[in-house]
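Notes for the structure review
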Amino acid sequence: MAERSSQGLRAVARPVRYASTSATPTSPKSSRSNSRRWLSIIFVGATAAGAGAYIRSQNTSSATLNPETFTKYSLVSREPVSATSSLFTLRPRKPNDSNYDVYEDAWQTGVWSVMFKQPQLQIGRDYTPLPTTAATSLSVDDENEGCLRFFIRKDPFGEVSRYLHTIDVGADVEMRGPKIECAIPKETEDILFIAGGTGIAPALQAGYSLLNRTDTEHRPKIHILWANRLKDDCAGGHSDSLKPQPHRGWFSGWFGSSKNQETSSETAIDVVRKEDTSLIVRELEALKSQYPGQVTVDYYLDEENTFIGKEAIRGAIAPTSTGDSRKGKLILVSGPEGFISYMAGPKVWAQGQELQGPLNGVIKELDLKDWGVWKL
């Protein structure tokens, strides 16, 4: 665009430099030629001005995060969580107090995301910010300047995630949002969150949104079932309940019979024994410490042949099944497309929008009539 604009400016300068100011009488033919020349000057000048305005509008970046235009953030840090995923911290390039209002409204509403732009290919991808907990590694200055954190896996086929994992610390990243993925109703009392991989980020958001409503009379609860392929992702995680589980991973089980899976069982993974605790496990432990008795987490590993099956889901909802069925109960499913499809059926595209689609998969087979289901 800048190159086109400079060409336009040169086109304007050339006729002006050679325009005649002589008082010599001119012929009608010469007058017509001069008129056409000046019309050309006016047209080229207007075109150049319009191009310049367009370029300026494209380069304009709001200081406040908003759903309409992209806002520049800078990459503060990228901390490895495992061999394939990292924790990103980004700070607004122009810190603005208005960002706090934007964040707070989104946190109070439910689960939300922002779109990251890949500037070379001009494509975007939605990612879920992590809430601030006692385990947050942000400094006071970072927190006061409106930093956001993201748990992002490097997908070998994902253009945006690969771009984010290769840029240098300090580089600009453009974001747009927030986009509300799921509003958590005020009457919600219990959430079962079934997460696969980086789908744990929305679970942390849901916990933050729901548990912030805690008071002396209202103590909502969240139970998280988190499945991972690699031990590194949930290193140091201790399951809060031990129940028999199917002896297969979700990606292999996706193509098999869930009935056959129910006949094969193994104790759910109790601990992932590593010296260092995963950053995300620390976040979960901090949430449990902040809201004692309201948060439970169970970990499942493909490497250990443990899987979130029907019995795991039944066990997670059993403590709430004897309560008042009129209370709000919600199951949220988040993770890779195959994981969501296996658990609750695929989402669908219609009229340019991604819709929930019919409920299918393992959750439909359980026939949980008192529970609402939402795919993230």
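See the structure shown above.
Described in the following lines is the structure provided in the data block. (Residues numbered from 1 in each chain as written. Predicted model: local features only at pLDDT ≥ 70, side-chain atom pairs only at ≥ 80, totals over all residues. Heavy atoms only, no water.)

Of regular secondary structure, the chain possesses 12 helices and 16 strands. Within the span of the chain, comprising 376 residues, buried residues form 45% of the whole. Across the chain, every contact between residues at least 6 apart in sequence was considered, and the portion connecting residues at least 24 apart equals 74%. When the accessible surface of the chain is totalled, it reaches about 19,500 Å², and 51% of it is carbon and sulfur. (Helix = DSSP H or I, 4+ residues; strand = E, 2+ residues; numbered from the N terminus. Buried < 20%, exposed > 50% of the residue type's maximum accessible area, 1.4 Å probe, protein only. Contact = heavy atoms within 4.5 Å. Areas by Shrake-Rupley, 256 points an atom, 1.4 Å probe, with all protein chains shown as cover.)

Along its 12 residues, helix 9 (residues 279-290) runs 17 Å from first to last C-alpha, staying within 8% of the 16 Å computed at 1.5 Å per residue. Every buried residue of helix 9 is listed here: L279, I280, V281, E283, L284, A286, L287 and K288. By the N-cap criterion, in which a side-chain oxygen at the helix start approaches the backbone nitrogen of a residue two or three places on, helix 9 is capped by S278, the distance to I280 being 3.2 Å. (Expected span 1.5 Å × (residues − 1). Polar contact = N/O pair within 3.5 Å; in protein donor to acceptor, adjacent residues only side chain to side chain.)

With respect to topology, five strands assemble into an open sheet ordered 12-9-8-13-16, the strand pairing being parallel. Edge positions in the sheet fall to strand 12 (295-301) and strand 16 (372-375), since each of these pairs with one other strand and no more. Sheet twist, expressed as the mean angle between neighbouring strand axes with direction ignored, is 15 degrees. Here strand 8 (residues 188-196) pairs with strand 9 (residues 221-228) via seven bridges, running parallel. Bridging across to strand 9, D190 finds its partner in K221. Across the sheet, helix 9 is in contact with strand 9 and strand 12; its angle to strand 12 comes to roughly 155 degrees. Contacts between helix 11 (residues 337-344) and the sheet are confined to strand 8, strand 9, strand 13 (328-334) and strand 16, with strand 13 contributing the most and set at about 140 degrees to the helix. (Pairing = 2+ DSSP bridges. Axes fitted to C-alpha atoms, helices over the stretch in contact; angles between N-to-C directions.)

With that settled, consider the sheet that holds strand 1 (residues 71-80). One open sheet accounts for seven strands, arranged 4-3-7-1-2-6-5; its pairing is antiparallel. Bordering the open sheet on either side are strand 4 (123-127) and strand 5 (129-130), each of which pairs with just one other strand. Of the pairings in the sheet, the one linking strand 1 to strand 2 (residues 85-92) comprises seven bridges and is antiparallel in character. When the sheet's bridge partners are listed, L75 is paired in strand 2 with L90. Packed onto the sheet, helix 3 (residues 98-109) meets strand 1, strand 2, strand 3 (110-118), strand 5, strand 6 (148-153) and strand 7 (172-183) and runs at close to 130 degrees relative to strand 3.

As a further point, take the pairing of strand 7. Here strand 1 pairs with strand 7 via four bridges, running antiparallel. Within strand 7, the residue paired with T71 across the bridge is M175. Of the pairings in the sheet, the one linking strand 3 to strand 7 comprises six bridges and is antiparallel in character. When the bridges of strand 7 are listed, F116 appears paired with M175.

Here we take up the packing of helix 6 (residues 200-211) against helix 9. For any two helices packed against each other, one specifies the crossing angle of their axes together with the interaxial distance. For the pair helix 6 and helix 9, the least separation of the axes is 11 Å and the interaxial angle reads 15 degrees. As summarised for this structure, helix 6 and helix 9 are arranged roughly parallel, according to the angle between their axes. Crossing of helix 6 against helix 9: the hand is left-handed. Every residue of helix 9 that contacts helix 6 at I200, L204, G207 and L211 is listed here: I280, E283, L284 and L287. The class makeup of the residues in the contact of helix 6 with helix 9 is six nonpolar, one polar and one charged. (Parallel < 35°, antiparallel > 145°, perpendicular 65-115°, else oblique. Left-handed = near helix turned anticlockwise from the far one by under 90°. Nonpolar A, V, L, I, M, F, W, Y, C, P; charged D, E, K, R; others polar.)

A few words on the packing of aromatic side chains. Per the counting criterion, the structure on display carries seven aromatic pairs. Judged by centre distance (5.3 Å) and plane angle (90 degrees), the ring pair of F116 and Y127 falls under edge-to-face. Residue F116 is found in strand 3, and its partner Y127 is found in strand 4; the two are separated by 11 residues along the sequence. Exposure class is identical for F116 and Y127. Each is buried. A network of ring pairs unites the aromatic residues Y103, W107, W112 and Y208 as a single cluster. A cation sits over an aromatic face here: K117 above F70, 4.5 Å from the ring centre. (Phe/Tyr/Trp six-rings, centres within 6.5 Å; stacked < 30°, edge-to-face > 60°. Lys NZ or Arg CZ within 6 Å of the ring centre and 35° of its normal.)

Per the counting criterion, the structure on display carries 12 salt bridges. Here K117 makes a salt bridge to E174, at a shortest N to O gap of 3.5 Å. In this pair, K117 is assigned in strand 3 and E174 in strand 7, connecting sequence segments 57 residues apart. A relative accessible area of 22% means that E174 is categorised as partly exposed. Measuring nitrogen to oxygen at the nearest pair gives 3.0 Å for the salt bridge that ties K288 to D240. One end of the pair, K288, is in helix 9; the other, D240, is in the loop between strand 9 and strand 10 (244-246), with 48 residues separating them in the sequence. One continuous salt-bridge network, built from bridges that share partners, spans D240, E285 and K288. (Salt bridge = Lys/Arg side-chain N within 4 Å of Asp/Glu carboxyl O.)

Just distances and angles here, no functional claims.
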